[in-house]
Amino acid sequence: MTLNAPASPRIDPTVDRARLRSFEWRSKGLTSALVPTMGALHEGHLALVRAAAKRADTVVVSIFVNPTQFGPAEDFSSYPRDHAGDLAKLAELGVDAVFMPSTEEMYPEGFATTVSLEGPALGLEADFRPTHFQGVATVVAKLLLATQPDIAIFGEKDYQQLLVIRRMVTDLGIPVAIEGLPTVREPDGLALSSRNAYLSEAERATAPLLQATLRAVAGAVLAGDDPATALATARDTLAAGGFAVDYVELRNADTLAPVADPACEPLRLLAAATLGRTRLIDNIAV
Ligand code: AMP
(Lines give C-alpha, C1' and ligand atoms only; values in the text may rest on other atoms or scores of the structure.)
Protein backbone atom coordinates (compact mmCIF):
# COMPACT_ATOMS: atom_id res chain seq x y z
CA MET A 1 0.00 0.00 0.00
CA THR A 2 1.17 3.54 -0.65
CA LEU A 3 2.78 5.38 2.24
CA ASN A 4 0.09 8.10 2.36
CA ALA A 5 -2.86 5.74 1.94
CA PRO A 6 -6.12 7.71 1.89
CA ALA A 7 -8.59 7.09 4.71
CA SER A 8 -11.16 5.76 2.23
CA PRO A 9 -10.23 3.54 -0.67
CA ARG A 10 -10.85 4.78 -4.18
CA ILE A 11 -14.00 3.11 -5.54
CA ASP A 12 -13.87 1.90 -9.15
CA PRO A 13 -17.46 1.14 -10.19
CA THR A 14 -16.65 0.32 -13.82
CA VAL A 15 -14.12 -1.72 -15.77
CA ASP A 16 -12.84 1.44 -17.49
CA ARG A 17 -12.14 3.10 -14.17
CA ALA A 18 -10.34 0.00 -12.87
CA ARG A 19 -8.20 -0.16 -16.03
CA LEU A 20 -7.35 3.54 -15.80
CA ARG A 21 -6.35 3.11 -12.16
CA SER A 22 -4.21 0.10 -13.04
CA PHE A 23 -2.54 2.15 -15.81
CA GLU A 24 -1.86 5.02 -13.38
CA TRP A 25 -0.25 2.73 -10.83
CA ARG A 26 1.79 0.90 -13.43
CA SER A 27 3.03 4.14 -14.99
CA LYS A 28 4.28 5.17 -11.54
CA GLY A 29 6.15 1.86 -11.25
CA LEU A 30 3.85 0.57 -8.48
CA THR A 31 3.02 -3.14 -8.25
CA SER A 32 -0.49 -4.20 -7.26
CA ALA A 33 -2.18 -7.15 -5.60
CA LEU A 34 -5.84 -8.10 -6.12
CA VAL A 35 -8.00 -9.84 -3.52
CA PRO A 36 -11.22 -10.99 -5.23
CA THR A 37 -14.22 -11.33 -2.88
CA MET A 38 -17.99 -11.48 -2.82
CA GLY A 39 -18.10 -9.08 0.13
CA ALA A 40 -19.60 -9.70 3.60
CA LEU A 41 -15.97 -9.47 4.63
CA HIS A 42 -14.68 -11.37 7.65
CA GLU A 43 -11.24 -11.95 9.18
CA GLY A 44 -10.48 -14.61 6.53
CA HIS A 45 -10.83 -12.02 3.77
CA LEU A 46 -8.98 -9.41 5.81
CA ALA A 47 -6.03 -11.79 6.30
CA LEU A 48 -5.74 -11.97 2.50
CA VAL A 49 -5.85 -8.16 2.30
CA ARG A 50 -3.10 -7.81 4.92
CA ALA A 51 -0.97 -10.35 3.04
CA ALA A 52 -1.61 -8.46 -0.21
CA ALA A 53 -0.27 -5.28 1.38
CA LYS A 54 2.98 -7.07 2.23
CA ARG A 55 3.41 -8.41 -1.27
CA ALA A 56 2.72 -5.37 -3.45
CA ASP A 57 2.90 -1.56 -3.36
CA THR A 58 -0.86 -1.18 -3.80
CA VAL A 59 -3.91 -3.30 -2.96
CA VAL A 60 -7.20 -3.56 -4.80
CA VAL A 61 -10.10 -5.60 -3.43
CA SER A 62 -12.96 -6.56 -5.70
CA ILE A 63 -16.46 -6.99 -4.31
CA PHE A 64 -18.85 -8.70 -6.69
CA VAL A 65 -21.52 -11.26 -5.83
CA ASN A 66 -21.20 -13.25 -9.02
CA PRO A 67 -24.57 -14.66 -10.10
CA THR A 68 -23.11 -17.23 -12.53
CA GLN A 69 -21.35 -19.23 -9.82
CA PHE A 70 -24.59 -19.91 -7.95
CA GLY A 71 -26.81 -22.80 -8.99
CA PRO A 72 -30.54 -22.19 -9.54
CA ALA A 73 -31.44 -23.57 -6.08
CA GLU A 74 -28.58 -21.79 -4.29
CA ASP A 75 -28.45 -18.66 -2.16
CA PHE A 76 -27.59 -15.88 -4.66
CA SER A 77 -30.44 -13.59 -3.65
CA SER A 78 -30.01 -14.17 0.10
CA TYR A 79 -26.17 -14.13 0.06
CA PRO A 80 -25.09 -11.66 2.79
CA ARG A 81 -24.31 -8.17 1.48
CA ASP A 82 -22.84 -5.35 3.59
CA HIS A 83 -21.20 -2.74 1.39
CA ALA A 84 -20.98 -0.05 4.08
CA GLY A 85 -19.42 -2.47 6.59
CA ASP A 86 -17.04 -3.85 3.95
CA LEU A 87 -15.83 -0.40 2.90
CA ALA A 88 -15.26 0.61 6.53
CA LYS A 89 -13.13 -2.52 7.12
CA LEU A 90 -11.13 -1.92 3.94
CA ALA A 91 -10.61 1.76 4.81
CA GLU A 92 -9.29 0.68 8.19
CA LEU A 93 -6.71 -1.53 6.49
CA GLY A 94 -5.67 1.30 4.14
CA VAL A 95 -6.73 -0.52 0.97
CA ASP A 96 -6.03 1.66 -2.07
CA ALA A 97 -8.92 0.75 -4.36
CA VAL A 98 -12.13 -1.28 -4.38
CA PHE A 99 -13.48 -2.57 -7.69
CA MET A 100 -17.27 -2.91 -7.50
CA PRO A 101 -18.60 -3.56 -10.99
CA SER A 102 -22.30 -3.86 -11.79
CA THR A 103 -23.83 -7.15 -12.87
CA GLU A 104 -24.99 -5.42 -16.08
CA GLU A 105 -21.42 -4.49 -17.01
CA MET A 106 -19.94 -7.87 -16.11
CA TYR A 107 -22.69 -9.74 -18.01
CA PRO A 108 -23.83 -7.50 -20.87
CA GLU A 109 -26.80 -8.28 -23.08
CA GLY A 110 -25.90 -11.26 -25.27
CA PHE A 111 -23.13 -12.54 -22.97
CA ALA A 112 -22.06 -15.87 -24.49
CA THR A 113 -18.45 -16.65 -23.57
CA THR A 114 -17.20 -18.76 -20.67
CA VAL A 115 -14.01 -20.51 -19.64
CA SER A 116 -14.18 -24.26 -20.14
CA LEU A 117 -12.39 -26.30 -17.48
CA GLU A 118 -11.12 -29.80 -16.82
CA GLY A 119 -8.35 -31.14 -14.55
CA PRO A 120 -8.82 -29.84 -10.99
CA ALA A 121 -12.29 -28.53 -11.85
CA LEU A 122 -13.64 -32.09 -12.20
CA GLY A 123 -15.26 -33.94 -9.28
CA LEU A 124 -15.60 -32.89 -5.61
CA GLU A 125 -17.52 -29.54 -5.66
CA ALA A 126 -18.31 -29.96 -9.36
CA ASP A 127 -20.29 -33.14 -8.63
CA PHE A 128 -22.67 -31.09 -6.47
CA ARG A 129 -22.38 -27.64 -8.10
CA PRO A 130 -21.98 -28.50 -11.81
CA THR A 131 -21.79 -24.92 -13.16
CA HIS A 132 -19.95 -23.39 -10.20
CA PHE A 133 -16.34 -23.40 -11.40
CA GLN A 134 -17.21 -22.25 -14.89
CA GLY A 135 -18.87 -19.23 -13.25
CA VAL A 136 -15.93 -18.67 -10.89
CA ALA A 137 -13.22 -19.03 -13.52
CA THR A 138 -15.00 -16.78 -16.01
CA VAL A 139 -15.57 -14.01 -13.48
CA VAL A 140 -12.02 -14.26 -12.12
CA ALA A 141 -10.66 -13.97 -15.67
CA LYS A 142 -12.80 -10.84 -16.12
CA LEU A 143 -11.70 -9.40 -12.76
CA LEU A 144 -8.05 -10.00 -13.67
CA LEU A 145 -8.50 -8.35 -17.08
CA ALA A 146 -10.20 -5.34 -15.47
CA THR A 147 -7.78 -4.80 -12.58
CA GLN A 148 -4.55 -6.11 -14.18
CA PRO A 149 -2.75 -6.97 -10.92
CA ASP A 150 0.75 -8.41 -10.57
CA ILE A 151 -0.48 -10.82 -7.88
CA ALA A 152 -3.92 -12.21 -7.05
CA ILE A 153 -4.50 -13.73 -3.63
CA PHE A 154 -6.95 -16.52 -2.82
CA GLY A 155 -7.77 -18.51 0.32
CA GLU A 156 -7.08 -22.22 0.73
CA LYS A 157 -10.54 -22.32 2.33
CA ASP A 158 -11.73 -22.83 -1.28
CA TYR A 159 -8.89 -25.19 -2.15
CA GLN A 160 -10.36 -26.60 -5.36
CA GLN A 161 -11.11 -23.06 -6.55
CA LEU A 162 -7.48 -22.07 -5.88
CA LEU A 163 -6.19 -24.94 -8.04
CA VAL A 164 -8.75 -24.19 -10.78
CA ILE A 165 -7.58 -20.55 -10.91
CA ARG A 166 -3.89 -21.53 -10.92
CA ARG A 167 -4.56 -23.93 -13.80
CA MET A 168 -6.54 -21.30 -15.72
CA VAL A 169 -3.90 -18.55 -15.51
CA THR A 170 -1.22 -21.04 -16.55
CA ASP A 171 -3.24 -22.42 -19.44
CA LEU A 172 -4.51 -19.05 -20.73
CA GLY A 173 -1.17 -17.33 -20.11
CA ILE A 174 -2.71 -14.62 -17.93
CA PRO A 175 0.25 -12.59 -16.60
CA VAL A 176 -0.44 -12.73 -12.86
CA ALA A 177 1.06 -14.68 -9.95
CA ILE A 178 -1.55 -16.63 -7.97
CA GLU A 179 -0.94 -17.00 -4.28
CA GLY A 180 -2.92 -19.21 -1.86
CA LEU A 181 -3.06 -18.47 1.86
CA PRO A 182 -4.04 -20.73 4.79
CA THR A 183 -7.62 -20.86 6.07
CA VAL A 184 -8.45 -18.54 8.96
CA ARG A 185 -10.49 -20.35 11.63
CA GLU A 186 -12.54 -19.63 14.71
CA PRO A 187 -10.84 -20.72 17.97
CA ASP A 188 -12.90 -23.95 17.87
CA GLY A 189 -11.63 -24.80 14.39
CA LEU A 190 -14.58 -23.76 12.23
CA ALA A 191 -13.33 -22.14 9.02
CA LEU A 192 -14.55 -18.54 8.75
CA SER A 193 -17.15 -18.17 6.02
CA SER A 194 -19.74 -15.56 5.10
CA ARG A 195 -22.26 -18.43 5.13
CA ASN A 196 -21.60 -19.19 8.85
CA ALA A 197 -24.08 -16.35 9.48
CA TYR A 198 -26.83 -18.79 8.39
CA LEU A 199 -26.09 -21.25 11.23
CA SER A 200 -28.47 -21.48 14.19
CA GLU A 201 -26.91 -21.55 17.65
CA ALA A 202 -27.17 -25.33 17.82
CA GLU A 203 -25.74 -25.75 14.30
CA ARG A 204 -22.89 -23.36 15.13
CA ALA A 205 -22.05 -25.60 18.10
CA THR A 206 -21.97 -28.67 15.83
CA ALA A 207 -20.14 -27.07 12.88
CA PRO A 208 -16.52 -27.53 14.19
CA LEU A 209 -17.07 -31.31 13.89
CA LEU A 210 -16.31 -30.92 10.17
CA GLN A 211 -12.74 -29.79 10.76
CA ALA A 212 -12.26 -32.12 13.74
CA THR A 213 -13.32 -35.07 11.56
CA LEU A 214 -10.86 -34.11 8.82
CA ARG A 215 -8.11 -33.92 11.41
CA ALA A 216 -9.01 -37.40 12.65
CA VAL A 217 -8.76 -38.76 9.09
CA ALA A 218 -5.40 -37.03 8.60
CA GLY A 219 -4.13 -38.61 11.82
CA ALA A 220 -5.32 -42.05 10.74
CA VAL A 221 -3.76 -41.75 7.28
CA LEU A 222 -0.46 -40.55 8.77
CA ALA A 223 -0.54 -43.50 11.16
CA GLY A 224 -0.74 -45.80 8.13
CA ASP A 225 -4.42 -46.74 8.39
CA ASP A 226 -6.32 -47.63 5.23
CA PRO A 227 -7.55 -44.26 3.81
CA ALA A 228 -10.82 -45.74 2.48
CA THR A 229 -11.74 -47.01 5.95
CA ALA A 230 -10.81 -43.70 7.59
CA LEU A 231 -12.90 -41.78 5.04
CA ALA A 232 -15.91 -44.07 5.56
CA THR A 233 -15.62 -43.57 9.34
CA ALA A 234 -15.49 -39.81 8.79
CA ARG A 235 -18.68 -39.85 6.70
CA ASP A 236 -20.42 -41.87 9.43
CA THR A 237 -19.18 -39.50 12.17
CA LEU A 238 -20.48 -36.46 10.30
CA ALA A 239 -23.82 -38.10 9.51
CA ALA A 240 -24.20 -39.09 13.19
CA GLY A 241 -23.46 -35.47 14.12
CA GLY A 242 -26.35 -34.25 11.97
CA PHE A 243 -24.54 -33.35 8.73
CA ALA A 244 -25.81 -34.37 5.30
CA VAL A 245 -22.47 -35.31 3.73
CA ASP A 246 -21.73 -34.48 0.09
CA TYR A 247 -18.17 -35.81 0.12
CA VAL A 248 -15.12 -36.49 2.25
CA GLU A 249 -12.19 -37.27 -0.04
CA LEU A 250 -8.43 -37.73 0.04
CA ARG A 251 -6.80 -36.29 -3.08
CA ASN A 252 -3.43 -35.39 -4.55
CA ALA A 253 -2.81 -31.87 -3.20
CA ASP A 254 -1.33 -30.58 -6.48
CA THR A 255 -3.80 -31.99 -9.01
CA LEU A 256 -6.82 -33.17 -6.96
CA ALA A 257 -6.53 -36.50 -8.78
CA PRO A 258 -7.44 -39.61 -6.75
CA VAL A 259 -4.50 -40.83 -4.69
CA ALA A 260 -2.61 -43.85 -6.02
CA ASP A 261 -0.01 -44.10 -3.24
CA PRO A 262 -0.59 -42.07 -0.06
CA ALA A 263 3.01 -42.60 1.03
CA CYS A 264 4.49 -40.89 -2.04
CA GLU A 265 2.11 -38.01 -2.87
CA PRO A 266 1.26 -34.61 -1.39
CA LEU A 267 -2.16 -35.15 0.19
CA ARG A 268 -5.20 -32.96 0.81
CA LEU A 269 -8.40 -33.94 2.57
CA LEU A 270 -11.50 -32.13 1.32
CA ALA A 271 -15.08 -32.24 2.56
CA ALA A 272 -18.48 -30.65 1.97
CA ALA A 273 -21.52 -31.22 4.14
CA THR A 274 -24.76 -29.46 4.91
CA LEU A 275 -25.97 -28.58 8.38
CA GLY A 276 -29.60 -27.50 8.36
CA ARG A 277 -29.72 -25.17 5.34
CA THR A 278 -26.04 -24.24 5.43
CA ARG A 279 -23.55 -26.00 3.19
CA LEU A 280 -20.05 -25.96 4.70
CA ILE A 281 -16.79 -26.84 2.96
CA ASP A 282 -13.38 -27.41 4.49
CA ASN A 283 -10.05 -28.98 3.68
CA ILE A 284 -6.69 -29.62 5.34
CA ALA A 285 -3.23 -30.77 4.34
CA VAL A 286 -2.19 -34.24 5.49
P1 AMP B 1 -15.61 -15.27 -1.06
O2 AMP B 1 -15.97 -13.87 -0.71
O3 AMP B 1 -16.27 -16.29 -0.21
O4 AMP B 1 -15.72 -15.52 -2.54
O5 AMP B 1 -14.08 -15.42 -0.72
C6 AMP B 1 -13.12 -14.53 -1.24
C7 AMP B 1 -11.74 -15.06 -0.96
O8 AMP B 1 -11.57 -15.19 0.45
C9 AMP B 1 -11.52 -16.46 -1.56
O10 AMP B 1 -10.19 -16.52 -2.07
C11 AMP B 1 -11.69 -17.36 -0.37
O12 AMP B 1 -10.98 -18.57 -0.47
C13 AMP B 1 -11.11 -16.49 0.73
N14 AMP B 1 -11.59 -16.93 2.04
C15 AMP B 1 -12.88 -17.14 2.42
N16 AMP B 1 -12.92 -17.60 3.69
C17 AMP B 1 -11.63 -17.68 4.11
C18 AMP B 1 -11.00 -18.12 5.33
N19 AMP B 1 -11.71 -18.55 6.36
N20 AMP B 1 -9.65 -18.08 5.39
C21 AMP B 1 -8.92 -17.65 4.33
N22 AMP B 1 -9.44 -17.23 3.17
C23 AMP B 1 -10.78 -17.25 3.06
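Engineer: How would you explain the overall build of the protein if you had to name every residue and give the values?
Structural biologist: Of the regular secondary structure elements, the protein holds 10 helices and nine strands. For a compact globule of 286 residues, the expected C-alpha radius of gyration is about 19 Å, and the protein comes in at 19 Å, within 12% of that figure. In terms of its C-alpha atoms, the protein occupies a principal-axis envelope of roughly 55 × 40 × 40 Å. Residues counted as buried form 51% of the 286 residues belonging to the protein. For the protein, long-range pairs separated by at least 24 residues make up 72% of all intrachain contacts whose partners lie at least 6 apart in sequence. Of the roughly 13,000 Å² that the protein leaves accessible, carbon and sulfur atoms contribute 55%. Charged side chains in the protein number 25 positive and 35 negative. The centres of these two groups are separated by 4 Å.

Engineer: How would you sum up the pairing of strand β6 (residues 177-181)? Please name residues and give values.
Structural biologist: Sheet analysis places strand β5 (residues 151-155) next to β6, joined by five bridges and oriented parallel. Residue pairing across strands places Phe154 opposite Gly180, the latter belonging to β6. Following the backbone out of β5, through helix α7 (residues 159-172) and into the adjacent parallel β6, one traces a crossover that is right-handed.

Engineer: How would you sum up the pairing of strand β2 (residues 32-37)? Please name residues and give values.
Structural biologist: β2 sits mainly inside the fold: six of its six residues count as buried. Of the two faces of β2, the one holding Ser32, Leu34 and Pro36 and the one holding Ala33, Val35 and Thr37 are both buried throughout. Sheet topology note: the β2/strand β3 (residues 58-63) ladder contains six bridges and is parallel. By the bridge assignment, Ser32 is partnered in β3 with Thr58.

Engineer: Just give me the short version of the nonpolar core, but keep the residues and values in it.
Structural biologist: For soluble globular proteins, the rule of thumb is that nonpolar side chains tend to be buried together. Among the nonpolar cores identified, the biggest contains 33 residues, and Val140, Leu144, Ile165, Met168 and Ile178 are the most heavily contacted of them. At the level of secondary structure, the elements contributing two or more residues to this core comprise α1 (15-27), β4 (97-99), α6 (132-147), β5 and α7. Top element by residues in this core is α6. It accounts for nine residues. Setting aside its immediate chain neighbours within four residues, Met168 contacts Val115, Ala137, Val140, Ala141, Gly173 and Ile174.

Engineer: Go over the sheet that holds strand β7 (residues 244-252) with me, naming the residues and quoting the values.
Structural biologist: The strand order β7-β8-β9 describes an open sheet built from three strands, whose pairing is antiparallel. Edge strands, defined here as strands with exactly one partner in the open sheet, are β7 and β9 (278-285). Shown here is a sheet whose adjacent strand axes are inclined to one another by a mean of 10°, direction ignored. Sheet analysis places strand β8 (residues 267-275) next to β9, joined by eight bridges and oriented antiparallel. Looking at the pairing, Leu270 lines up with Asn283 of β9. Sheet strands touched by helix α9 (residues 209-222): β7, β8 and β9. Its angle to β9, the strand with the most contacts, is close to 30°.

Engineer: Would you mind going over the domain arrangement of the protein in detail, with residue names and values included?
Structural biologist: For the protein, the assigned domains read domain 1 (10-181) and domain 2 (194-285). Taken over C-alpha atoms, the centre of domain 1 sits 26 Å from the centre of domain 2. Domain 1 puts 20 residues into the contact, and the matching count from domain 2 is 17 residues. When domain 1 packs against domain 2, close to 1,700 Å² is buried across both sides, 52% of that on carbon and sulfur atoms. Considering only the side of domain 1, the residues that lose the most area to domain 2 are Leu124, Phe128 and Tyr159, jointly responsible for 38% of the buried surface there.

Conventions and cut-offs
Residues numbered from 1 in each chain as written. Predicted model: local features only at pLDDT ≥ 70, side-chain atom pairs only at ≥ 80, totals over all residues. Heavy atoms only, no water. Helix = DSSP H or I, 4+ residues; strand = E, 2+ residues; numbered from the N terminus. Rg over C-alpha atoms; globule rule 2.2 N^0.38 Å. Buried < 20%, exposed > 50% of the residue type's maximum accessible area, 1.4 Å probe, protein only. Contact = heavy atoms within 4.5 Å. Areas by Shrake-Rupley, 256 points an atom, 1.4 Å probe, with all protein chains shown as cover. Lys, Arg positive; Asp, Glu negative; His and termini not counted. Charge placed at Lys NZ, Arg CZ, Asp CG, Glu CD. Pairing = 2+ DSSP bridges. Right-handed = clockwise from strand over helix to strand, strands pointing away. Core = buried A, V, L, I, M, F, W, Y, C linked by side-chain atoms within 4.5 Å. Axes fitted to C-alpha atoms, helices over the stretch in contact; angles between N-to-C directions. Domains from an automatic or database assignment. Buried area = accessible area lost by both parts, 1.4 Å probe.

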